[in-house]
Amino acid sequence: MNSNQISKNTLYVVATPIGNLSDISDRAQQVLRSVDLICCEDTRHSARLMDHLGCTTPLLSLHEHNERERSALIVERLQSGQSIALVSDAGTPLISDPGYVLVNHVIDAQLRVVPIPGASAVITALSISGLPTDRWRFEGFLPSKTGARLKVLNALATDHLTLVFYESSHRIQDSLADMATAFGAERPIVVARELTKTFETVLRGSVTEVQQAVAADNNQRKGEFVVLVQGVATEVVGIGDERVVALVDELRSILPPKKAAAIVAKVFGGSKKTYYEYIVALSSE
């Protein structure tokens, strides 16, 4: 089957732009114009995007308050032969947005669910953060109450992964203050605001430095935020540690120094350059 052909009895999960409307893909536009129905969080919000695209497909609201009751109706329409798209207000559906209940109803009915990938604020922010992206943890929105928020943050304080949160304009300062309490004032963080939009801003620095920048400029407290926090560094084991010596002895006989150094650094942390120089020195003895 042609991958661009719209199928009956199929739910399409369609990513839409997080800001810049030009970021929508040709495939997403084709799907939105061709399906029988588009399910969206807010029909008024999505109507603006559809007007921009020249898309006249009917819209049906699907949000956290009506998703359970609407899911049965949508499954019935899919079973009758219709094709339906699911979008969120911005970005990829189900990522801190409604859709989980519907997708599982469709799966349980043994109907197809097809992803139409595109923008995601999480991935967009990670790609420009400058923080480690090999392993990361997405926590979505933090609780609105200080006590509950601190409980979550304290539980994550010793995590080695890059942490990613969504935050709103009216809670960004409180959340940063709680991060300073839970993670320490010097923990490196990144606050990405209004990504892909006209007033996009990316603030990098310690929690304190970013707090001060947000507090000093009212514009930095407006819009939608992705907050990224560097994880706790893993323990760096010294070159003289017997575990390092044993691994170096094993690797340097079978691998070039550069590759051996990279493996030791991955296992124990620290500088590849330092391990490389150590291995070379051993080899020259």
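Anything mentioned here points back to the structure above.
Residues numbered from 1 in each chain as written. Predicted model: local features only at pLDDT ≥ 70, side-chain atom pairs only at ≥ 80, totals over all residues. Heavy atoms only, no water.

An account of the overall build of the protein is requested, with residue identities and associated values reported.
Along the protein, the regular secondary structure elements total eleven helices and ten strands. On C-alpha atoms alone, the protein measures out to a radius of gyration of 24 Å, which is more than a quarter above the 19 Å that the 2.2 N^0.38 rule sets for 285 residues. In terms of overall dimensions, the protein has a C-alpha envelope of 75 × 50 × 35 Å along the principal axes. Nonlocal contacts in the protein, meaning residues at least 24 apart in sequence, comprise 67% of its contacts between residues at least 6 apart. In the form shown here, the protein has an accessible surface area of approximately 15000 Å², with 50% of it arising from carbon and sulfur atoms. When the 28 positive and 32 negative side-chain charges of the protein are each reduced to one mean point, those points stand 2 Å apart. (Helix = DSSP H or I, 4+ residues; strand = E, 2+ residues; numbered from the N terminus. Rg over C-alpha atoms; globule rule 2.2 N^0.38 Å. Contact = heavy atoms within 4.5 Å. Areas by Shrake-Rupley, 256 points an atom, 1.4 Å probe, with all protein chains shown as cover. Lys, Arg positive; Asp, Glu negative; His and termini not counted. Charge placed at Lys NZ, Arg CZ, Asp CG, Glu CD.)

Before we move on, can you summarise the nonpolar core with the specific residues and values?
With 21 residues, the main nonpolar core has Phe165, Leu176, Met179, Phe183, Val191 and Val229 as its most contacted residues. Those elements that provide at least two residues to this core are helix H6 (146–156), strand S7 (162–168), helix H7 (172–183), strand S8 (188–193), helix H8 (207–216) and strand S10 (224–229). With six residues, the top contributor of residues to this core is H7. Listed in part, the 17 residues of the second largest apolar core include Tyr12, Val14, Val35 and Leu49. (Core = buried A, V, L, I, M, F, W, Y, C linked by side-chain atoms within 4.5 Å. Buried < 20%, exposed > 50% of the residue type's maximum accessible area, 1.4 Å probe, protein only.)

Requested: an account of the sheet that holds strand S9 (residues 201–206), with residues and values cited.
The strand order across the open sheet formed by five strands is S6-S7-S10-S8-S9, and the pairing between neighbours is mixed. In the strand order of this sheet, the two ends are held by strand S6 (136–141) and S9, each with one partner. For this sheet the average axis-to-axis angle between neighbouring strands, irrespective of direction, equals 15 degrees. Sheet topology places S6 next to S7; five bridges connect them, and they run parallel. Looking at the pairing, Phe138 lines up with Val164 of S7. (Pairing = 2+ DSSP bridges. Axes fitted to C-alpha atoms, helices over the stretch in contact; angles between N-to-C directions.)

How would you explain the pattern of salt bridges if you had to name every residue and give the values?
If you walk through the whole model with that rule in mind, you get ten salt bridges. With a shortest N-O distance of 3.6 Å, Asp249 and Arg252 are connected by a salt bridge. Salt bridges sharing common partners tie together Arg137, Glu139 and Asp159. (Salt bridge = Lys/Arg side-chain N within 4 Å of Asp/Glu carboxyl O.)

Provide a residue-level description of the packing of helix H10 (residues 257–268) against helix H11 (residues 272–284), including the pertinent values.
Geometrically, a packed helix pair is captured by the angle between its two axes and the distance between the axes. Across the interface, H10 lies against H11 with an axial gap of 8 Å and an inter-helix angle of 130 degrees. With respect to each other, H10 and H11 are oriented oblique. Along this stretch, H10 crosses H11, giving a crossing that reads as right-handed. Contacts between H10 and H11 involve Pro257, Lys258, Ala260, Ala261, Ala262, Val264, Ala265 and Phe268 from the first element and Lys272, Tyr275, Tyr276, Ile279 and Val280 from the second. In terms of residue class, the contact of H10 with H11 is made up of eleven nonpolar, no polar and two charged. (Parallel < 35°, antiparallel > 145°, perpendicular 65-115°, else oblique. Left-handed = near helix turned anticlockwise from the far one by under 90°. Nonpolar A, V, L, I, M, F, W, Y, C, P; charged D, E, K, R; others polar.)

Report on the packing of aromatic side chains, specifying residues and quantitative values.
For the coordinates displayed, the defined rule picks out two aromatic pairs. Ring geometry for Phe138 versus Tyr166: centroids 5.0 Å apart, planes at 70 degrees, classification edge-to-face. Taken together, the residues span a long stretch of sequence, with Phe138 in strand S6 and Tyr166 in strand S7 at a distance of 28 residues. Aromatic rings pair up to connect Phe138, Phe141 and Tyr166 into one cluster. (Phe/Tyr/Trp six-rings, centres within 6.5 Å; stacked < 30°, edge-to-face > 60°.)

Let's hear about H8: which residues, and what values?
Those residues of H8 that sit buried are Val207, Val210 and Val214. Along the long axis of H8, the arc covered by the buried residues comes to 70 degrees, so they all point the same way. Exposed residues on H8 whose side chains face more than 90 degrees from its buried face are Gln212 and Ala216. (Arc of directions from axis to C-beta.)

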